[in-house]
Amino acid sequence: MKIIKNMRYKYRVLIAITLFLIVTVVSFGTIFVRSYIERNTELRVSELSKDTDNIMASLENTFVTVYKYYLATQTNDEVKYIVENDIDYDQVSAITDAADTLSGNNIVSDYVSAYTLVNFKTGTVLGSRGRYPTSEVLNLDEIMDIYNTYIETYTKNLWIYIDSEAPDKNSRDYRMTVPISGLDLILFVPYSEVTPYALFVINMNMKQITTDLKKQLQKNQDAVLYSADGEVIFSTNDELVKLIDQYKLDEPDETSHILNIGKGKKVYVSRSTYSVAGLQLYVSYYNEGLEIFTNIYQVFGFVIVVLLLLLISIIVFYSIYKPIHAAASEIAKENSEQLLPGEDELKYLTNSVKRLDNKNEALIEHTTNLFAMRLYRNELTKEEIDQYIYRLSLSDKIPENYLIITLVLKMINEDTVISADEEKRICTEIIDELKRNVDTRKYFLPMVYYSRSVVAFVETKDTEEFREIMLKNYNYIRQYIYNKYGMNIGIGISRPYTNIYQINEAYTESAQAIQHGKIDTGSFVSRYSEDSGYALVKYDEDKEQELQRALRLGDKESAYRLIDEIFANLIGQKITRDNTIPILLQLVNSIVMEAQNSGLGMDVFREEVKDIYPVIIDYHDLNRVRKYIKFNMIDPVIYKQNQLIENQSGTIMAAIEQLVESKSGNITINECSEILSYHTSYIWRVLKEEKNMTFTEYVEQYKLKLAKDLLTNSDMTVGAIAEKLSYTNAQNFIRFFNKMVGTTPGKFRQVSRAEQV
């Protein structure tokens, strides 16, 4: 004991740490390893379950997309025409238009291997294998069985899986057989009628679907996909199919399993079910070696851990103790009380620090700043506030009246966004500037940078004096920030308070006052209104849908207008910050969902989605949130969406031509935009790029071509032709024709027929 007592402090600490670590490791090592294995197993099962659900969600999204697309085709004019009418072979245009729509139109075509419209009303079949009478369908009995089975029920659509082989592609049977082998989507048409008389049979491209599924599998994972009837649709490992049958893993109440298959090997299996198509996906993870660690490697691992912990304890000890010893030695040089051999260095240092000036300005300033921010965050109890006041000697600085002022930066340029780091740097410089010009030492709390703003505690003994000082300081700081940083400011002022324990309430009021400041770019001072926060603003879902449509069309002007309207409504009403945040988050969610639904992905935004939400919550100034959303979310989505649209200009041009032809030229650019779901400016741009014409010029050229054909190859009168082309009278048509051709319609007909003779 005497040896230990005379031992230097650092050695006693080192021995104590080492003994503690050894006892701890010996006592709890085995328990820890076992606990680790259990947690690792739970984590593995959880991760596998998430992977399975994610893969199934991806499959489900594919099937839902296909289902919604073909459900929507029933309202398509070309398809409705085919369904309701018996189309002859000479009506090639009508058949082609409907076939293009039914083929998937490059939207879902990758996931559709074949499509067939079986029309019992007209007795015809139209599909990817051609058009022919229903009487020639070789598997008509199977089709009729499906139709008769579900026609009397309320089921208007269903997914079925038929395990059969399709006929040889080179045989006639292939063309005359409605493809129903594999996974099929069956839609009864018309969907709105009680007794439909036609069927859409959509044969899914399982090769593409399984390719997508394989890409999502992780290392050491296998998958099996079952139909609703328990048929194996796809498998990456036949052994997994055997395990599922052997262990009867299809019990409805169990979705995750851990199978011990012998010799320390485990297989984790998770199941997910697609509620609409009834598909079941099993994903497995094969693992071995984890149990071996608990048997033989545990001993070696335990020894290595003990040695490593011992080494770490020495390294950590010296890294911590070295500055303590150095500080004690340095103090001993200047102190009359020297450090004695074997003396407790930490105790010596503690006693020496107590003798130092406890009013060290740097330490006091840091602690006071921390005290201020904890007050604003409402983290302290009344007792803790009293303790801070006592330790910081603030009792004589408690004011009779005070208020809180919050200052935020405002960008002058609408398109400029400042980073959080840059904003903090500027605000810190502003605080330093104010400290040089205002004696802040007499105040109860210092100015601090908190929640993206400068927060100041101000004593208010005299209202008129405060107004004069405030006006002077406001003009000074506004001019200073504008000249140095090219920025404006927004200032929020709380009501006067007397209770020092209500600082958080005062701060909240100052932030609330900023929230309802001016929406323009100029500087402003806003006082808290006592009736603020009682109004509730209902989220405008119509505006959300309009915004999503503008993003979908790449219409930046409309998107900006809608954002401005939404924020003008929020700023113009007296609503608390807590009530504002859910509306802002729902707005951000709608933009994120539109980007996801449009296939743009989550990386389209200038910041990661996980970083956007804290920024939205942290801002006091709604005007800055508006600019932030425009710059970081609206602009990149519009840019990416326009890129995608431009890549489809050839396809869209073909759609415009078909639409103009189907309307005989009697269509406006607004009507064309509405039908094709593209913005008018984009349709105009496609025509200029593809035809070097405006929409009006293109329609006029089409009408002129049609008029010439009717004048040359028909006996219709000029008046009848004018009426067909939707001219209000024959004279308007004659003027149009004469302007375009240089002669009247009558003379053109005479010359054309003379040339034919």
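What counts and how
Residues numbered from 1 in each chain as written. Predicted model: local features only at pLDDT ≥ 70, side-chain atom pairs only at ≥ 80, totals over all residues. Heavy atoms only, no water. Helix = DSSP H or I, 4+ residues; strand = E, 2+ residues; numbered from the N terminus. Buried < 20%, exposed > 50% of the residue type's maximum accessible area, 1.4 Å probe, protein only. Contact = heavy atoms within 4.5 Å. Areas by Shrake-Rupley, 256 points an atom, 1.4 Å probe, with all protein chains shown as cover. Salt bridge = Lys/Arg side-chain N within 4 Å of Asp/Glu carboxyl O. Pairing = 2+ DSSP bridges. Axes fitted to C-alpha atoms, helices over the stretch in contact; angles between N-to-C directions. Left-handed = near helix turned anticlockwise from the far one by under 90°. Nonpolar A, V, L, I, M, F, W, Y, C, P; charged D, E, K, R; others polar. Phe/Tyr/Trp six-rings, centres within 6.5 Å; stacked < 30°, edge-to-face > 60°. Lys NZ or Arg CZ within 6 Å of the ring centre and 35° of its normal. pLDDT = per-residue confidence, 0-100. Arc of directions from axis to C-beta. Polar contact = N/O pair within 3.5 Å; in protein donor to acceptor, adjacent residues only side chain to side chain.

1. Quick look at the overall build of the protein
Across its full length, the protein carries 27 helices and 16 strands. Taken across its 757 residues, the protein has 43% of its residues classed as buried. If you take every contact in the protein between residues at least 6 apart in sequence, the share linking residues at least 24 apart comes to 66%. Accessible area for the protein stands at about 41,600 Å²; split by element, carbon and sulfur atoms hold 52% of it.

2. Describing the pattern of salt bridges
This structure, assessed with the given rule, holds 14 salt bridges. Residue D635 pairs with K556 through a salt bridge whose shortest N-O separation is 3.7 Å. Residue D635 is found in helix 20 (residues 622-646), and its partner K556 is found in helix 17 (residues 556-572); the two are separated by 79 residues along the sequence. Taken together, the shared-partner salt bridges connect E422, R425, E429 and K484 into one network.

3. Details of the sheet that holds strand 15 (residues 487-493)
Pairing is mixed across the open sheet formed by 5 strands, whose spatial order is 13-14-12-15-16. The open sheet has two edge strands with one neighbour each: strand 13 (448-449) and strand 16 (524-527). Bridge analysis of strand 15 against strand 16 gives 4 bridges, and the strand direction is parallel. Looking at strand 16, one finds that G490 is bridged to F524.

4. Describing unusual backbone geometry
The omega angle of the peptide bond from V189 to P190 is -5°, so this bond is cis rather than trans. For P190, the location among the structural elements is in the loop between strand 5 (182-189) and strand 6 (198-204). Although it is not a glycine, N106 adopts a positive phi angle of roughly 65°. Along the chain, the position of N106 falls in the loop between helix 4 (92-102) and strand 1 (112-119). Positive phi values are uncommon outside glycine, yet N220 reaches one of about 70°. Considering the arrangement of structural elements, one finds N220 in the loop between helix 7 (206-216) and strand 7 (221-226).

5. Observations regarding the packing of helix 3 (residues 77-84) against helix 4
Packing of helix 3 against helix 4 brings their axes to within 8 Å, and their N-to-C directions diverge by 115°. Like other packed secondary-structure pairs, helix 3 and helix 4 cross with a definite hand, here left-handed. In contact with E78, V79, Y81 and I82 of helix 3, helix 4 contributes A94, I95, D97, A98, T101 and L102. Its residues assigned to classes, the contact of helix 3 with helix 4 shows 7 nonpolar, 1 polar and 2 charged.

6. Side note on the sheet that holds strand 4 (residues 157-162)
One open sheet holds the 6 strands; their spatial order is 3-2-1-6-5-4, and the pairing between them is antiparallel. At either margin of the open sheet sits one strand with a lone partner, and together these are strand 3 (130-133) and strand 4. Geometrically, the sheet is characterised by an average inter-axis angle of 20° between neighbouring strands, direction not taken into account. In this structure, strand 1 lies alongside strand 2 (residues 124-127), joined through 4 bridges in antiparallel fashion. Pairing of L117 across the sheet is with L126, part of strand 2. Contacts from helix 3 reach strand 1, strand 2, strand 5 and strand 6 within the one sheet, and its direction differs from that of strand 1 by about 45°. Across the sheet, helix 5 (residues 140-150) touches strand 1, strand 4, strand 5 and strand 6, and the angle it forms with strand 5 is around 55°.

7. Overview of the packing of aromatic side chains
Applying the stated criterion across every chain, the model contains 20 aromatic pairs. Ring centres of Y402 and F457 lie 4.9 Å apart, and the angle between their planes is 20°; this geometry places the pair in the stacked category. Remark: F457 occurs in strand 14 (residues 454-459) and Y402 occurs in strand 12 (residues 402-411); sequence separation between them is 55 residues. With respect to class, Y402 is no different from F457; both count as buried. Cluster of aromatic residues (ring-pair linked, three or more members): F371, Y388, Y402, F444, F457 and Y497. The cationic tip of R44 hangs over the ring face of Y285; the distance from NZ or CZ to the ring centre is 4.1 Å. Just above the ring of Y727 sits the side chain of K703; from NZ or CZ to the centre is 5.0 Å.

8. A word on the environment of I503
Among the structural elements, I503 can be located in helix 15 (residues 503-515). Overall, the relative accessible area of 0% leaves I503 in the buried class. Separated by 100 residues in sequence, I503 and L403 have C-alpha atoms that sit 8.2 Å apart. Apart from the residues within four sequence positions on either side, I503 is in contact with L375, Y376, Y402, I404, F444, L445 and F457.

9. Quick notes on the pairing of strand 1
Looking down a regular strand, the side chains alternate between one sheet face and the other. The element strand 1 is extensively covered by neighbouring structure, given that 7 of its 8 residues are classed as buried. Two elements, strand 1 and strand 6, share 7 bridges in a ladder whose sense is antiparallel. Among the inter-strand pairings, T116 is bridged to a residue of strand 6, identified as V201. Where strand 1 folds back on strand 2, the antiparallel hairpin that results is connected by 4 residues, among which G123 adopts a positive phi of roughly 70°.

10. Overview of the confidence of the model for the protein
Detailed reading of the predicted coordinates is not advisable wherever pLDDT falls low. Across the protein, pLDDT averages 78, with 81% of residues at or above 70. This model gives residues 290-295 a pLDDT under 50, and the stretch forms 12 contacts once residues within four places in sequence are excluded.

11. Some thoughts on helix 3
Within the sequence span of helix 3, burial applies to V79, I82 and V83. Around the axis of helix 3, the buried residues are gathered within 100° of arc, so they sit on the same side. For helix 3, the secondary structure elements touched by its buried residues are helix 4, strand 1, strand 2, strand 5 and strand 6. A side-chain oxygen of the first residue of helix 3 lies 2.9 Å from the backbone nitrogen of E78; this N-cap is N76.

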